[in-house]
Amino acid sequence: MGMFLDSIVPSERYKDIVRTRFFVDKSLMIAELISAVSIDGQKYVCITRPRRFGKSVMADMVAAFFGRTADGAPIFEGLNILSDRKEGRTDGDTSTPAQFGIDKEQVRECMNRYPVVYIDFSEIPERCSCFDEYITRILEGLKEDLSSAYPEIVSDTSKAVWDIMTEIFQKTRQRFVFVFDEWDAAFHMPFISEGDRQEFLRLLKALLKDKAYIEFAYMTGVLPIAKYSSGSEINMFKEYSMAASELYGEYFGFLEKEVDRLFEIYIQTTRIPKISRDDLRFWYDGYYTAVGERLYNPRSVVCALTDNQLKSYWTGSGPYEECYYYIKNNVKDIRDDLVLMVSGEGVKARIQEYAATAARLDTKDQIYSAMVVYGLLTYEDGSGRVFIPNKELMDRFDELLLSKESLGYVYSLARQSEKMLAATLAGDTKTMAQILEFAHDTESPILSYNHETELSALVNLVYLSARDEYRVEREDKAGKGYVDFIFYPQHRRGDALILELKVDGKPEEAIRQIRDKRYVLRFQGKLGEKPKFEGRVLAVGISYDRRTKKHSCRVEEL
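Let me begin by describing the structure that accompanies this report. For clarity, every value in this text was computed on a predicted model and none was experimentally measured. (Residues numbered from 1 in each chain as written. Predicted model: local features only at pLDDT ≥ 70, side-chain atom pairs only at ≥ 80, totals over all residues. Heavy atoms only, no water.)

Here the focus is the environment of Lys-55. Looking at the secondary structure, you find Lys-55 in helix α3 (residues 55-66). Once the C-alpha coordinates of Lys-55 and Gly-253 are considered, the two residues, 198 residues apart in sequence, prove to be 9.4 Å apart. In this view, Lys-55 contacts Ile-47, Arg-49, Pro-50, Asp-181, Glu-182, Thr-220, Gly-221, Val-222 and Phe-252; residues no more than four positions away in its chain are not counted. (Helix = DSSP H or I, 4+ residues; strand = E, 2+ residues; numbered from the N terminus. Contact = heavy atoms within 4.5 Å.)

What follows deals with helix α10 (residues 277-284). All of the buried residues in α10 are Arg-277, Asp-279, Leu-280, Trp-283 and Tyr-284. Take α10 and look down its axis: the buried residues cluster within an arc of 155 degrees, on one side only. Turning to α10, the residues buried within the fold contact α9 (256-269), β6 (287-288), β7 (294-295), α11 (298-307) and α15 (391-403). Positive backbone phi, at 115 degrees, marks Gly-286, one or two positions downstream of α10. (Buried < 20%, exposed > 50% of the residue type's maximum accessible area, 1.4 Å probe, protein only. Arc of directions from axis to C-beta.)

In total, this model carries 26 salt bridges according to the counting rule given. The residue Arg-277 makes a salt bridge to Asp-260 at a minimum N-O spacing of 2.8 Å. You can see Arg-277 sitting in helix α10 and its partner Asp-260 sitting in helix α9, a full 17 residues away along the chain. The partly exposed category is assigned to Asp-260, whose relative accessible area is 32%. Here the salt bridges do not stand alone but share partners, grouping Glu-256, Asp-260, Arg-277, Asp-278 and Arg-281 into one network. (Salt bridge = Lys/Arg side-chain N within 4 Å of Asp/Glu carboxyl O.)

This paragraph deals with the packing of helix α6 (residues 131-149) against helix α7 (residues 161-172). At a closest axis distance of 10 Å, the pairing of α6 and α7 adopts a crossing angle of 20 degrees. By the angle class used here, α6 and α7 are roughly parallel. Judged by the sense of rotation from one axis to the other, the crossing of α6 with α7 is left-handed. Residues Leu-139, Leu-142, Lys-143 and Leu-146 of α6 pack against Val-161, Ile-164, Met-165 and Ile-168 of α7. (Axes fitted to C-alpha atoms, helices over the stretch in contact; angles between N-to-C directions. Parallel < 35°, antiparallel > 145°, perpendicular 65-115°, else oblique. Left-handed = near helix turned anticlockwise from the far one by under 90°.)

Here is the structure:
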């Protein structure tokens, strides 16, 4: 067992994951990899995904299955990869290895068969300050591992790693599996120069490209290979991204049925459950595979169920700084889109993932491409639009709008949102109208109100801070129709709000619609159940007259 060759670490880590309460079995990806190699001859696979989408777990799984260091049977015998059952599966799936053109015996032949070279490129030597120290740890460590594993062959460790591995192959016919996690981490390290990066690519090419000793190479990262390898250095890899590639899409992120199963486990094993199934959807859903299946952020779902608490489990330099980093070079063109996106609307975008890797992000498409790649936005291929995927990310954008004066009118209106909520709860329609008039005095083209969508986006902005106390949902099914906004209080005794908007109408018409369509039923429990809320339910009508350029408001208790 070495540091990089035949390391026990990935197997132990994956074994620990399998034993956890909220483990999701994604082991059938192994069958797809075996099929790709044995049937299609595809030896080089690179899967790019946003952070926190399970890349490292899957890399550990691949190394644990193919690696010869530890017996994989105790781990994999109970998983889908070694199952030929189509019925009775705990995850409700009917897939088996056979659907990928291989049988269970072929799978077993591959398990624990290969020496695996596993490298996590995000790990660095202690007090590392330059590329030479970084790469020497890897190259010299791998040489030492090879020397220990093949002492009768490796006598001269001054040779290049690829020469040593070629010699081992010539004498033993032994092929290796390579598993690289966070392969692009070196490109984010401040002590590594552009010249160093090119040297890193040349080293990868020398180690991997056209080498007879490779059974297959599996690599993960965040950004596309095109960012770094514009030439032929590592163009042998076939790359699979979340937005553009259908293959492997279901293995990164949680599918709806998988979250259903986790929620059942949570309900059965948590003493006082505080999270509903709708909560998980509202907080962590909203991403898409390339075939249009909805995906949940896996790390966030597991953390929320484990902690029995809903909150943002993203980490970064600050609550909103990560979002601002991408838009800071083009605030003027982006801010109107932000108003639409924080109200739940999508924005047209031409997503090209390689564009996300530009040295400077200036155009909208570059900015949105980067934010999709990093998971801050989601892309819906059918509509060609980008969205803020869920509340976890929406909270970050809310904080951005409330914190960055450079956003101009957007920041100014967002800062009025606390006053707007207070005026609404007090029935102070005069102040409400004044705030809306203040909004209309800005120079935003979104205030043309050519469609009710623009009014809706503005109203969402001037109620932005309400999200600290409410779950705000748009176009929610209620009573006999769909209401524009419903504000669900986070506390049972809080006041609920139902907002209906009218362009070239009157607020009284909005109130009448709320009453006639019985939207208030959304706050009443089923027959015999205790009501969900004990506070008031307020009907709020907001209108805009394009002829007089005036807003009108009305608030009534239901």
